[in-house]
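Architecture at a glance
In case you want the letters, here they are:
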Amino acid sequence: MIITKEKPLEEIYAMLEPHKKILIIGCDGCFQPPRGLKQANLTAKLIQIKRKLENKGFAAKTATVLRQCDDDITVSTLRPILDDEQFDAILSLACGVGVQTVAEIYDIPVYPAQNTLFMGSKIGDEFLEKCAACGDCLLGYTGGLCPIANCAKSLVNGPCGGPIDGKCEVGEYKNQCAWIEIYKRLNSRPGGLELFMKFRTPVDYRKRSNPRKSAEEVIEIE
Ligand code: SF4
Ligand code: SF4
């Protein structure tokens, strides 16, 4: 899932300042914590209160989309609303991918209500970064623990000289050193140490140079 954090309300108010009629759209897709129709309605109320206190006009309509990052779903959901009414702007409660999808479809200003943080998973009460979409997955050689997303230096051939008592030198020794964790995991499995000692070729950054497109991926079958 994609992990996001709400933008400060003051930033949202400032972005929307020039606009009087706004469509606020939630997204029910994969991002966490979820911000669908309920959050869209709440955001509309907050903006309304602020505008009222300032004696400024404001009108909003709210909706939610199953996945804003899917152009077909977004168009079919928003068509009935946007065919009927005109809006000065759209405020999107989706991640940055959803915001850009909406902005690509509609020729009106689209603003983000979230800061998009990372791709991660929910472990207990926390969301933790798990994958940096490097384009050349190493999990099969690292005990299922990603060194790109979990090592502060994204090293691929074992730890740097910095860890102390299993903690990473980056960030004042608060986080576990990813490579010590990978070692512990592999060491507990048959053949794991061989995998740990295996030399991995330097990262091929061409595989993750932006912007990427799925149609450009070459599938090699040997
Ligand atoms: S190695 Fe890490 S960053 Fe690369 S694809 Fe696998 S999980 Fe994602
Ligand atoms: S201490 Fe471990 S996690 Fe931190 S940068 Fe070095 S190898 Fe990576």
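Residues numbered from 1 in each chain as written. Chains lettered and ligands numbered in written order. Predicted model: local features only at pLDDT ≥ 70, side-chain atom pairs only at ≥ 80, totals over all residues.

Quick look at the site of ligand 1 now. All residues adjacent to ligand 1 are Cys-131, Ala-132, Ala-133, Cys-134, Cys-137, Leu-138, Leu-139, Cys-146, Ile-148 and Ala-149. Residue classes in the shell around ligand 1 are distributed as 10 nonpolar, no polar and no charged. (Near = placed C-beta within 6 Å. Nonpolar A, V, L, I, M, F, W, Y, C, P; charged D, E, K, R; others polar.)

With that out of the way, let us pick up the nonpolar core. Counting residues in each nonpolar core, the largest one holds 25 residues, and the members touching the most others are Ile-22, Ile-24, Ile-25 and Ile-90. When contributions to this core are tallied by element, the ones reaching two or more residues are strand 1 (2-6), helix 1 (9-16), strand 2 (21-27), helix 2 (37-53), strand 3 (59-65), strand 4 (89-92) and helix 4 (96-105). Ranked by residue count, the leading element in this core is strand 2, at 5 residues. Counting residues in hydrophobic clusters, the runner-up holds 8 residues, among them Cys-151, Ala-178, Ile-182 and Phe-196. (Core = buried A, V, L, I, M, F, W, Y, C linked by C-beta atoms within 7 Å. Buried ≥ 20, exposed ≤ 12 C-beta atoms within 10 Å, placed from the backbone. Helix = DSSP H or I, 4+ residues; strand = E, 2+ residues; numbered from the N terminus.)

So, on to the domain arrangement of the chain. When the domains of the chain are assigned, the result is domain 1 (2-117) and domain 2 (132-209). Here the C-alpha centroids of domain 1 and domain 2 sit 38 Å apart. (Domains from an automatic or database assignment.)

On to the pairing of strand 3. With 7 bridges joining them, strand 2 and strand 3 adopt parallel strand pairing. Looking at the pairing, Ile-25 lines up with Ala-63 of strand 3. Handedness of the β-α-β unit built from strand 2, helix 2 and strand 3 comes out right-handed. (Pairing = 2+ DSSP bridges. Right-handed = clockwise from strand over helix to strand, strands pointing away.)

Another aspect to go through is the packing of helix 3 (residues 71-84) against helix 4. Remark: helix 3 packs on helix 4, axes separated minimally by 10 Å, with the N-to-C direction vectors making an angle of 65°. Crossing hand, helix 3 versus helix 4: right-handed. Across the interface between the two elements, Asp-71, Thr-74 and Val-75 from helix 3 touch Thr-101, Val-102 and Ile-105 from helix 4. Residues belonging to the contact of helix 3 with helix 4 are distributed by class as follows: 3 nonpolar, 2 polar and 1 charged. (Axes fitted to C-alpha atoms, helices over the stretch in contact; angles between N-to-C directions. Left-handed = near helix turned anticlockwise from the far one by under 90°. Contact = placed C-beta atoms within 7 Å.)

Our next topic: the site of ligand 2. Around ligand 2, the structure places 14 residues, and the nearest of them are Cys-151, Pro-159, Cys-160, Cys-168 and Cys-177. In terms of residue class, the shell around ligand 2 is made up of 11 nonpolar, 1 polar and 2 charged.

Another point: the sheet that holds strand 6 (residues 114-123). The strands that make up a sheet pair up through hydrogen bonds in the backbone, lying either parallel or antiparallel. Strand order in the open sheet formed by 3 strands is 1-6-7, and the pairing between neighbours is antiparallel. Strand pairing shows two members of the sheet lacking a second neighbour, strand 1 and strand 7 (126-131), which therefore form its edges. The mean inter-strand angle of the sheet, taken between neighbouring strand axes irrespective of direction, is 70°. By the bridge criterion, 5 bridges tie strand 6 to strand 7 in an arrangement that is antiparallel. Bridging from a neighbouring strand, Ile-123 pairs with Glu-126 of strand 7.

Turning to unusual backbone geometry, a few remarks are in order. Cis geometry is found at the peptide bond from Gln-32 to Pro-33, where omega equals -10°. Examined against the element boundaries, Pro-33 turns out to sit in the loop between strand 2 and helix 2. The linkage connecting Asn-210 with the following residue, Pro-211, adopts the cis geometry, with an omega of -10°. Position of Pro-211 relative to the elements: it lies in the segment after helix 7 (192-197). Even without a glycine there, the phi angle at Tyr-173 is positive, about 55°.

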